[in-house]
Amino acid sequence: MTLLDDHVVLITGGGSGLGLGIARHCRTEGAQLAVLEYDPVKVLALKEEFGDDVLVIEGDVRNLADLQACRAAVEQRYGRLTSLIGAQGIFDGNVPLADIDPDRIDQLFDEILSVNVKGYVLAARTFLDMLTAEEGSIVLTSSTAAFAADGGGAAYTASKGAVNSLVRQMAFEFAPRVRVNAVAPSGIAGSQLRGPRALGLEASRQSDIPADVFRRAFEAAAPLQYLPAAEDYGPFYAVLASRQNKIVTGQILVADSGAFNRAMISANPDSFGLGLQN
Ligand SMILES: NC(=O)c1ccc[n+]([C@@H]2O[C@H](COP(=O)([O-])OP(=O)(O)OC[C@H]3O[C@@H](n4cnc5c(N)ncnc54)[C@H](O)[C@@H]3O)[C@@H](O)[C@H]2O)c1
């Protein structure tokens, strides 16, 4: 018996990075799986990797008709859904607000929030009755950028702060039958997180940063000195998405490799203490 035996899990944005790692992990835990992805190249790669074992659907989380088609496909293949995992997202390039032409802000916010926030709302609403019928779970993706400065620019950090609020509101509204939580990752090795069209960064990917540079920067900032692979986040999503989780809802699990647990006194070059001697 594994954690996700008898679970049907849908992952939105599962074509690369985090979502793909979660998909692989959920399979090892015995889940019946569906993945929604809007990039046709990644859809093909998913079909190649998983064959007929996983229901792979091409669609855009911003588009209600695509989500309804996804729902019809899940109903036809599995007849039910126990867990919805939201893993899609786009980045804002970490461009300071002062460097952004005011004319671009409208499009930038529409672009980032439509994927990072509205996509989660539309998916939750589309599958709510199926999840309610199964006493299911929703697990969304926040970020450490929602909790501390400099994990992204204004649009990305605002979008992740909105995910945290959304989790609390939906957890309240959907109780007692559906649990709603999020995981807040910090870094993800191998992520293809892309930039926004509004700033001309749609072709830029996190994977363009040399892997060793990204790893060194991350490991220097985190006490565990370990840049997680996407699969490392899988167990946290799986537990929150499972029926084993009977008591946690409305929470954001901060998975930061210890980065927020900073040294205060000893990090200071003039480090001081009371100097008490025995
Ligand atoms: N990369 C990091 O270091 C990091 C850190 C913290 C949080 N996150 C969050 O993790 C999540 C996953 O990001 P990732 O780093 O794995 O990036 P990624 O680009 O590798 O994965 C995101 C996937 O979502 C898909 N997607 C994007 N927009 C979509 C849409 N409209 N409809 C359907 N699919 C869509 C992409 O094509 C991609 O396959 C995001 O929410 C991101 O904000 C990432």
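A brief look at the structure comes next. (Residues numbered from 1 in each chain as written. Predicted model: local features only at pLDDT ≥ 70, side-chain atom pairs only at ≥ 80, totals over all residues. Heavy atoms only, no water.)

This part covers the overall build of the chain. Each helix and strand in the chain was counted, giving 7 helices and 7 strands. Expressed along its principal axes, the backbone C-alpha trace of the chain runs to roughly 70 × 55 × 35 Å. Out of the 278 residues belonging to the chain, those deemed buried represent 47%. Summing over all exposed atoms, the chain offers an accessible surface of approximately 13,700 Å²; the carbon and sulfur share of this is 54%. If you average the places of the 23 positive and of the 33 negative side-chain charges in the chain, the two averages end up 4 Å apart. (Helix = DSSP H or I, 4+ residues; strand = E, 2+ residues; numbered from the N terminus. Buried < 20%, exposed > 50% of the residue type's maximum accessible area, 1.4 Å probe, protein only. Areas by Shrake-Rupley, 256 points an atom, 1.4 Å probe, with all protein chains shown as cover. Lys, Arg positive; Asp, Glu negative; His and termini not counted. Charge placed at Lys NZ, Arg CZ, Asp CG, Glu CD.)

The α-helix advances 3.6 residues per turn, and as a result positions three or four apart in sequence lie on the same side. When the terminal C-alpha atoms of helix H1 (residues 17-28) are compared, their 17 Å separation across 12 residues agrees well with the 16 Å that a helix rising 1.5 Å per residue should span. Listed in full, the buried residues belonging to H1 are Gly-17, Leu-18, Gly-19, Leu-20, Gly-21, Ile-22, Ala-23, His-25 and Cys-26. Among the residues trailing H1, Gly-30 stands out with phi positive, at a value near 90°. (Expected span 1.5 Å × (residues − 1).)

Before going further, it helps to examine the side chain of Ser-191. Within the fold, Ser-191 resides in the loop between strand E6 (179-185) and helix H6 (211-221). A distance of 3.0 Å separates a polar side-chain atom of Ser-191 from the backbone nitrogen of Leu-193. Among all residues touching Ser-191, those that are not within four sequence positions of it are Gly-17, Gln-206 and Ser-207. (Polar contact = N/O pair within 3.5 Å; in protein donor to acceptor, adjacent residues only side chain to side chain. Contact = heavy atoms within 4.5 Å.)

The environment of the ligand is formed by 30 residues, the closest being Leu-18, Glu-37, Tyr-156, Ser-186 and Ser-191. Asp-60 is positioned with one of its side-chain polar atoms (N or O) 2.8 Å from a nitrogen atom of the ligand. The separation between an oxygen atom of the ligand and a polar main-chain atom of Ser-186 is 3.4 Å. Protein burial of the ligand: of its 820 Å² of free accessible surface, 97% is covered by the chains. Looking at the shell around the ligand, the elements with two or more residues in it are H1, helix H4 (102-133) and helix H5 (154-174). Taken together, the residues that form the shell around the ligand break down as 10 nonpolar, 15 polar and 5 charged. (Near = heavy atom within 4 Å. Nonpolar A, V, L, I, M, F, W, Y, C, P; charged D, E, K, R; others polar.)

Moving on, we get to the state of the cysteines. Two cysteines joined by a covalent bond between their sulfur atoms form a disulfide. Counted by the stated rule, this structure contains 0 disulfides. Here Cys-26 is not disulfide-linked; the sulfur of Cys-70 is the nearest cysteine sulfur, at 15 Å. Judged by its relative accessible area of 0%, Cys-26 falls in the buried class. (Disulfide = S-S within 2.5 Å.)

We now examine the sheet that holds E6. One open sheet accounts for 7 strands, arranged E3-E2-E1-E4-E5-E6-E7; its pairing is parallel. The open sheet has two free edges, formed respectively by strand E3 (54-58) and strand E7 (252-255), since each of these has just one partner strand. Neighbour-to-neighbour, the strand axes of the sheet open up by a mean angle of 15°, direction not taken into account. Two strands pair when backbone bridges link them, and strand E4 (residues 83-86) and strand E5 (residues 137-141) are joined in this way by 3 bridges, in the parallel orientation. Directly across from Leu-84, in E5, lies its bridge partner Ile-138. Relative to the sheet, helix H2 (residues 40-50) contacts strand E2 (32-37) and E3, its axis offset from that of E3 by approximately 170°. (Pairing = 2+ DSSP bridges. Axes fitted to C-alpha atoms, helices over the stretch in contact; angles between N-to-C directions.)

Moving on: the packing of H1 against helix H7 (residues 230-241). As a packed pair, H1 and H7 sit with axes 7 Å apart at the nearest point and diverge in direction by 60°. Overall, the two elements H1 and H7 adopt an arrangement that is oblique. Relative to H7, H1 is oriented so that their crossing is right-handed. Touching Gly-17, Leu-18, Gly-21, Ile-22, Arg-24 and His-25 of H1 are Ala-230, Glu-231, Tyr-233, Gly-234, Pro-235, Tyr-237 and Ala-238, all from H7. (Parallel < 35°, antiparallel > 145°, perpendicular 65-115°, else oblique. Left-handed = near helix turned anticlockwise from the far one by under 90°.)

Further remarks concern the pairing of E2. Of all 6 residues making up E2, 5 are buried, and the element is well covered by its neighbours. One ladder, built from 5 bridges, connects strand E1 (residues 8-12) with E2; its direction is parallel. Paired with Val-9 across the bridge in E2 is Leu-33. With respect to chirality, the unit in which E1 leads through H1 into the neighbouring parallel E2 is right-handed. In this structure, E2 lies alongside E3, joined through 5 bridges in parallel fashion. (Right-handed = clockwise from strand over helix to strand, strands pointing away.)

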